[in-house]
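# Inside the fold
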Amino acid sequence: AVEPGSPYRVVLLGGSGVGKTAFASIFAGAADSMDSDDCELCGDEVSDREIEVDGETATIILLDTWDAEKGDEWTQERFMQIGDAYLLLYSITDRASFLRASELRITLRRFRPARHTPIILVGNKCDLVRRREVSTSEARACAAVFDCKFIETSAAMQHNVWEAFYGIVRQLRLRRDSK
Ligand code: GDP
């Protein structure tokens, strides 16, 4: 059970190039972004941070580790098991990444059959309007089928990125409070 005040492990999932690193950089604070770009083993990169959501402090441990393309099966399974919540990213400019997100959702369901693991489907790069390949309405419908929340973000414009983290914390608290 998640006690009030104990850290939440949030895992970033998604195909290559969708913006996971950009998300993690914003989360960690822009100053760290250079280091993480250099690091081949970002596999083990973990950052944690306290954020205030609705007047209450939450600690998030963000795991931006597993590259869906390169990761071996063992690593994949490990990440599917350890998260308290998941941000499932795709790029609105890349339909293949949207399909990848669907696959990941299905895999996640195998590991997390319980319905209350918070998941947010995140359509990133919404600043690239002319290159959009996945419509908002399609993604929202998909999120409804997936039984998860949905948000569009732009890491480049720092738009809605924190809202995604706040949304995760709110869902985790709902789950905590209903226990
Ligand atoms: P990762 O492979 O999922 O970690 O993806 P990255 O965070 O490395 O992002 C891949 C590329 O997309 C980089 O060149 C980023 O600068 C760019 N990128 C990430 N998020 C956005 C966004 O919201 N808008 C735009 N225009 N580019 C982005």
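Residues numbered from 1 in each chain as written. Predicted model: local features only at pLDDT ≥ 70, side-chain atom pairs only at ≥ 80, totals over all residues. Heavy atoms only, no water.

### Thoughts on the packing of aromatic side chains
Test applied: Any pair of Phe, Tyr and Trp rings, taking the six-membered ring for Trp, is counted once the centres come within 6.5 Å. Such a pair is stacked with planes under 30 degrees apart, edge-to-face with planes over 60 apart, and tilted for the rest. In DSSP terms, a helix is any run of H or I states spanning at least four residues, a strand is any run of E spanning at least two, and both are numbered starting from the N terminus. Here's how the labels work: a residue is buried when its accessible area is under 20% of the maximum for its type, exposed when over 50%, partly exposed in between, all with a 1.4 Å probe on protein chains only.
Overall, the coordinates contain 6 aromatic pairs when judged by the stated rule. For the pair phenylalanine 23 and phenylalanine 165, a centre-to-centre distance of 6.1 Å together with 50 degrees between the ring planes defines the contact as tilted. Of this pair, phenylalanine 23 sits in helix H1 (residues 20–28) while phenylalanine 165 sits in helix H6 (residues 161–177), and the two are 142 residues apart along the sequence. Centroid distance phenylalanine 27 to phenylalanine 165: 5.0 Å. Interplanar angle 40 degrees. Geometry classified as tilted. Of this pair, phenylalanine 27 sits in helix H1 while phenylalanine 165 sits in helix H6, and the two are 138 residues apart along the sequence. Judged by its relative accessible area of 0%, phenylalanine 27 is buried. Overall, phenylalanine 165 belongs to the buried group, its relative accessible area being 0%. Feature note: the residues Phe23, Phe27, Trp162, Phe165 and Tyr166 constitute an aromatic cluster, connected by ring pairs.

### A closer look at the site of the ligand
Put simply, the rule is: Residue proximity to a molecule or strand is established when one non-hydrogen atom of the residue lies within 4 Å of it. Any pair of nitrogen or oxygen atoms within 3.5 Å is treated as a polar contact; in protein, a donor-acceptor pairing is required on top of that, and neighbouring residues in sequence qualify only through side-chain atoms on both sides. What sets the accessible areas is the Shrake-Rupley method with a 1.4 Å probe; for residues, cover comes only from the shown protein chains. Throughout this entry, Asp, Glu, Lys and Arg are counted as charged residues, while Ala, Val, Leu, Ile, Met, Phe, Trp, Tyr, Cys and Pro are counted as nonpolar. The remaining residues, Gly among them, count as polar.
Near the ligand lie 15 residues; those nearest to it are Gly17, Lys20, Thr21, Asp127 and Ala155. Contact distances for the ligand include 3.1 Å between a nitrogen atom and a side-chain N or O atom of asparagine 124. Coverage of the ligand by the protein chains reaches 67% of its 580 Å² of free accessible surface. Tallying contributions element by element places H1 first for the shell around the ligand, with 3 residues. Along the lines of polarity and charge, the residues of the shell around the ligand split into 5 nonpolar, 7 polar and 3 charged.

### Looking at the nonpolar core
As a reminder of what qualifies: Remark: nonpolar core denotes a set of buried residues (Ala, Val, Leu, Ile, Met, Phe, Trp, Tyr, Cys) joined through side-chain atoms within 4.5 Å.
Counting residues in each nonpolar core, the largest one holds 27 residues, and the members touching the most others are Phe23, Leu87 and Phe165. Listing elements by their share of this core, those giving two or more residues are strand S1 (8–14), H1, strand S2 (46–53), strand S3 (56–63), strand S4 (85–91), strand S5 (119–124) and H6. The element contributing the most residues to this core is H6, with 7 residues. Of all hydrophobic cores here, the second largest spans 25 residues; its members include Tyr86, Ala139, Phe146 and Cys148.

### Digging into the environment of serine 6
Within the element layout of this structure, serine 6 appears in the segment before S1. In this structure the C-alpha to C-alpha distance between serine 6 and cysteine 142, which are 136 residues apart in sequence, comes to 32 Å.

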